[in-house]
Amino acid sequence: MSGELHQMGVAGLAKALRERKVSAVEAAQHHLSRIRDHQDLGAFVALDEQLTLTQARAADARIAAGSASPLEGVPIAHKDIFVTADLPTTAGSRILAGYRSPFDATVVRKLAEAGAVTLGKLSCDEFAMGSANENVAVPAIGFDHAVPVRNPWNTDRIPGGSSGGSAVAVAAGLAPAATGTDTGGSIRQPASFCGVTGIKPTYGRASRYGMVAFASSLDQAGPMARSAEDCALLLSAMCGPDPERDSTSLARPAEDFSRSLGDSLDGLRIGVPKEFFGEGVAPGVRAAVDAALAQYEKLGARRVEITLPRTELSIPVYYILAAAEASSNLSRFDGVKFGHRAKAYRDLADMYAQTREEGFGDEVKRRIMIGTYVLSHGYYDAYYLQAQKVRRMIADDFQQAFAQCDLIAGPAAPTVAWKLGEHGGDPVADYLADIFTLPASLAGLPGMSVPAGFDGAMPVGIQLIGNYFAEAKLLNAAHAFQQATDWHLRTPAGF
Ligand code: GLN
């Protein structure tokens, strides 16, 4: 059985564990050996096999004692943006080199309480800033230098970002599931590029406590796994109020997001925004998404043409607001309390400056400068305030659209994964790739990417966006599609 362990998915593995057909230690060992075999992908940045096996043994003991926890013994890897007490946390940055958190992020703790076994930490773009997982400043395991993460569907291509390590871990069968975070698309876009399923819940459903902050009004945690069914299991464990630790976590109680899996899609109105099919969308991506929409019609859904007229504006709006928030959030990295401190400096101000010069990568510095600029006197009204107003209008556009439809669908990204280095350090080329994920982020809406076919040899994801708190509806729509198709079961050759 162990040959297939990495293809069983979370639900299948959890069941096999409960039925004692496989032990948590076997499941952990199987994935650990795959991680070692495929470390060239650069997906993992921290691994502690003894820790994983100790947790797996504890899970086996709980299973023997009759544990009914939904994820008991299931190995899960975490994006290295979640702080963990037992493993280092770098957020992909040199500035956090050597940092060890005294506590676990709420999401990490909740998954552990549901029985999950930690497989290690996954590479991501520095402070989650990126669309390709090329902005990494810390070494992956097996390397003595920083490396970009490689897409298992074609190792000359990027996996997407910033949760690229998470998407690759799932796509390559190194982990049954992984956590990710999405500020402007970092769960949905890499899920699309790697052919896995990922969901970002409504802003505020998952606690941000212990998630290294990038843009606090946008950051959300979510699961990445093979199927919607698996994502529902994980998301149910991850969400829930955390009032003492995250003031923006919503009072909405935890939910069983699997509850509507299997509901009929008869009469479901799927809104298709014309702006998501314009110029710049690769013909192969459009074809795959069109075919997926046709499949939805076969399942009983109805296609409704809608408009999200400010889609293009979401790029400047996001890159102003996210940078503004980042410039403030990242001011805490000054060499005093966390991680790296410059060795040589003249005085206190110079210590801050040298530490930040050495510790931050180019993209992070760029965002801090843009953010500081748009918040400065004289520019605040012209940029920051204006962007806030347009953000509200983007959210209002969605509410108008949801008067006509139940869900919105379109491509998760305009293209498939591009080649490593193809954007040649041009940040704007990366920013433009976020055009279809940013609107839902700015509005705080839940969104997911579901494998929907291929353009050439590379996976394409269909994005589904729901209204606030419509996660169960989204997951059901994705599940119904996955019951009728096998895109999510395809695996890259050699994995
Ligand atoms: N690509 C976007 C950025 O670079 C989104 C990143 C994210 O969602 N964390 O900011």
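Scroll up to find the structure.
Everything quoted here is computed from the prediction, not taken from an experiment. (Residues numbered from 1 in each chain as written. Predicted model: local features only at pLDDT ≥ 70, side-chain atom pairs only at ≥ 80, totals over all residues. Heavy atoms only, no water.)

(A) Here's a closer look at the environment of Tyr-99. As for its position among the elements, Tyr-99 is in the loop between strand E2 (75-79) and helix H4 (106-113). Spatially, the C-alpha atom of Tyr-99 lies 6.0 Å from that of Thr-89, the residues being 10 residues apart in sequence. Excluding residues within four positions of it along the chain, Tyr-99 makes contact with Val-83, Pro-88, Thr-89 and Phe-338. (Helix = DSSP H or I, 4+ residues; strand = E, 2+ residues; numbered from the N terminus. Contact = heavy atoms within 4.5 Å.)

(B) The site of the ligand, seen in detail. The full set close to the ligand counts 15 residues, and Thr-183, Gly-184, Ser-186, Tyr-318 and Arg-367 are the nearest of them. Within the backbone of Ala-128, a nitrogen or oxygen atom sits 2.8 Å from a nitrogen atom of the ligand. Within the contact set of the ligand, an oxygen atom lies 2.8 Å away from a side-chain nitrogen or oxygen of Arg-367. Considering the ligand on its own, with 290 Å² of exposed area, one finds that the protein chains cover 99% of that surface. Across the shell around the ligand, the residue classes tally to five nonpolar, seven polar and three charged. (Near = heavy atom within 4 Å. Polar contact = N/O pair within 3.5 Å; in protein donor to acceptor, adjacent residues only side chain to side chain. Areas by Shrake-Rupley, 256 points an atom, 1.4 Å probe, with all protein chains shown as cover. Nonpolar A, V, L, I, M, F, W, Y, C, P; charged D, E, K, R; others polar.)

(C) Spatial organisation of a nonpolar patch on the surface. A surface patch of nonpolar side chains, about 260 Å² in accessible area, is lined by Val-336, Leu-348 and Tyr-352. With respect to the secondary-structure elements, Leu-348 resides in helix H10 (residues 348-359). (Patch = residues over 30% accessible without salt bridge, like charges linked within 9 Å, V, L, I, M, F, W, Y side chains within 5 Å. Salt bridge = Lys/Arg side-chain N within 4 Å of Asp/Glu carboxyl O.)

(D) Up close: the pairing of strand E11 (residues 458-466). Here E11 lies mainly inside the structure; nine of its nine residues are buried. Looking at chain direction, strand E9 (residues 407-411) and E11 are connected through five bridges and run antiparallel. Bridged to Ile-408 within E11 is Ile-465. Across seven bridges, the pairing between strand E10 (residues 447-455) and E11 is antiparallel. Bridge assignment links Phe-454 to a residue of E11, and that residue is Pro-459. Counting the residues between successive antiparallel strands, the hairpin from E10 to E11 contains two residues, one of them, Gly-456, with a positive phi of roughly 65 degrees. (Buried < 20%, exposed > 50% of the residue type's maximum accessible area, 1.4 Å probe, protein only. Pairing = 2+ DSSP bridges.)

(E) Structural detail: the nonpolar core. Judged by nonpolar contacts, the single largest core of 156 residues is most densely connected at Phe-127, Ile-462, Leu-464 and Leu-475. The greatest single-element share of this core, amounting to nine residues, is contributed by helix H9 (residues 314-329). (Core = buried A, V, L, I, M, F, W, Y, C linked by side-chain atoms within 4.5 Å.)

(F) Examining the sheet that holds strand E7 (residues 269-273) more closely. Read across the sheet, 11 strands follow the order E1-E3-E2-E4-E6-E5-E10-E11-E9-E7-E8 without closing on themselves; strand pairing throughout is mixed. In this open sheet, the two edge strands, each paired with only one partner strand, are strand E1 (44-46) and strand E8 (302-306). Averaged over all pairs of adjacent strands, the angle between strand axes in this sheet comes to 35 degrees, irrespective of strand direction. (Axes fitted to C-alpha atoms, helices over the stretch in contact; angles between N-to-C directions.)

(G) A look at helix H7 (residues 228-238). In terms of burial, H7 is a largely internal element, nine of the 11 residues being buried. Backbone geometry just after H7 places Gly-240 at a positive phi near 130 degrees.

(H) Broad picture of the pattern of salt bridges. Per the counting criterion, the structure on display carries 23 salt bridges. Across the pair Glu-305 and Arg-303 runs a salt bridge whose closest N-O atoms are separated by 3.2 Å. Its relative accessible area of 52% is what places Glu-305 among the exposed residues. Looking at Arg-303, the relative accessible area reads 32%, which means it is partly exposed. Three or more residues are tied together by salt bridges with common partners; here these are Arg-205, Glu-255, Arg-259 and Glu-471.

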